[in-house]
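# Residue-level structure breakdown
The residues making up each chain are set out below.
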Amino acid sequence: MSSIAIIIVTYNSAAEIGACLDAALASGAEIVVVDNASSDSTCAEIERRGVRLIANPQNRGFAAAVNQGFTAVTAPYVLLLNPDAVLQTSLDPLRQACDLPGSAGAGGQLVDSHGRPQAGFMVRRLPTVASLTLEALLLNRLWPNNPVNRRYRCLDLDLSAVSIVEQPAGAFLMVRRAVWQELGGLDESFFPLWFEDVDFCCRIKDRGLSLYYMPRAVAKHTGGHSIPQLPVENRRVYWYRSLLRYTFKHFHPIQFRVVCLAVWGG
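Residues numbered from 1 in each chain as written. Predicted model: local features only at pLDDT ≥ 70, side-chain atom pairs only at ≥ 80, totals over all residues. Heavy atoms only, no water.

In this section: the pairing of strand 10 (residues 172-176). In terms of burial, strand 10 is a largely internal element, 4 of the 5 residues being buried. Here strand 4 (residues 77-81) runs beside strand 10; their pairing, made up of 5 bridges, is antiparallel. Residue pairing across strands places Leu81 opposite Phe172, the latter belonging to strand 10. Pairing of strand 6 (residues 103-111) with strand 10 involves 3 bridges; the strand directions are antiparallel. Within strand 10, the residue paired with Gly107 across the bridge is Leu173. (Buried < 20%, exposed > 50% of the residue type's maximum accessible area, 1.4 Å probe, protein only. Helix = DSSP H or I, 4+ residues; strand = E, 2+ residues; numbered from the N terminus. Pairing = 2+ DSSP bridges.)

Shown next as structure tokens:
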């Protein structure tokens with residue numbers, strides 16, 4: 001049995017899941033897909049490939065689905081992989097990083113369809129009051145090259161080098177199962193999505209553990225395939241609600257109030 005398990009959470013992912021699963025199967029890892037009540041042919045695509053499927057009758061949210069997947073596998077190394085991410089390399093660099101002293105896990109390099117690294121997304125620093133304020137007020141979109149945003153999105157990072165980082169993207173993140181158990185998994189109150197992986201990375205840092213960025217592990221990533229299916233109004237509510245949940249959980253009450261004002265303004 002493989003020492004690596006892959007958990008994929010799907011939601012109306014029929015157009016993407018085939019290529020994702022074909023590459024994942026070639027890795028030799030154990031694979032579990034947790035589907036959050038897709039209404040398209042996602043489940044048929046999964047079953048056609050003989051991959052283990054947990055089909056939820058309703059959308060339980062990303063965090064709960066990931067936790068379901070973890071309880072269904074026993075491998076010591078578990079990779080969270082988005083359905084629109086297609087493995088391009090071996091997973092060995094991520095597994096090796098998990099074995100480094102004090103390591104909780106590692107994220108790999110995400111590239112677009114042209115092979116360009118998805119800088120600003122695949123690795124970030126944990127958010128601060130300043131970065132969340134600028135994000136909530138949409139100022140990062142108007143002035144993306146501002147120093148706060150550059151630091152937050154790690155635009156100063158050498159993407160060709162192995163690095164200890166704070167927040168690898170949950171789209172391609174391997175975690176030691178023992179760490180997941182120690183932290184109690186993802187916080188399911190971040191529903192249905194957003195900031196659950198940020199919260200998990202923050203709790204890892206609070207435990208004094210490290211996360212690595214491993215550029216030799218590569219996946220081609222489309223990005224945001226499920227988001228356009230949500231009404232624009234719902235996207236805003238979910239994003240701001242999860243942002244405030246994260247801020248309330250990890251920031252001082254005064255800092256929380258500052259971010260609340262920024263969300264109100266945004």
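On to helix 5 (residues 129-136), then. Across the 8 residues of helix 5, 7 count as buried, placing the element largely inside the fold. For helix 5, the set of buried residues is Val129, Ser131, Leu132, Thr133, Leu134, Glu135 and Ala136. At the exit of helix 5 stands Leu138, carrying a positive phi of roughly 65°.

As a further point, take the pattern of salt bridges. Under the definition given, this model contains 14 salt bridges. For Arg245, the salt bridge goes to Asp187, with nearest N and O atoms at 3.2 Å. A residue pair is termed long-range when its members are at least 10 positions apart, and Arg245 in helix 10 (residues 232-250) and Asp187 in the loop between helix 8 (177-183) and helix 9 (196-206) qualify at 58 residues. On the basis of relative accessibility, which here comes to 31%, the residue Arg245 falls in the partly exposed class. Residue classification places Asp187 among the buried positions, given a relative accessible area of 16%. (Salt bridge = Lys/Arg side-chain N within 4 Å of Asp/Glu carboxyl O.)

Within the element layout of this structure, Asn67 appears in helix 3 (residues 62-71). The exposure class assigned to Asn67 is buried, which follows from its relative accessible area of 8%. Polar contacts involving the side chain of Asn67 include one to the main-chain amide nitrogen of Leu186, which spans 3.0 Å. For Asn67, the residues in contact, after removing those within four places along its chain, are Trp180, Gly185, Leu186 and Glu188. (Polar contact = N/O pair within 3.5 Å; in protein donor to acceptor, adjacent residues only side chain to side chain. Contact = heavy atoms within 4.5 Å.)

Burial runs high along helix 3: 9 of the 10 residues are buried. Among the residues of helix 3, those classed as buried are Phe62, Ala63, Ala64, Ala65, Val66, Asn67, Gln68, Gly69 and Phe70. Tucked into the core, helix 3 has its buried residues touching strand 1 (4-10), strand 2 (30-36), strand 3 (52-56), strand 4, helix 8 and helix 9.

With that settled, the discussion passes to a nonpolar patch on the surface. Side chains of Leu137, Leu139, Leu142 and Trp143 sit close together on the surface and give an oily, nonpolar patch of about 430 Å² of accessible area. With respect to the helices and strands, the residue Leu137 is situated in the loop between helix 5 and helix 6 (139-142). (Patch = residues over 30% accessible without salt bridge, like charges linked within 9 Å, V, L, I, M, F, W, Y side chains within 5 Å. Areas by Shrake-Rupley, 256 points an atom, 1.4 Å probe, with all protein chains shown as cover.)

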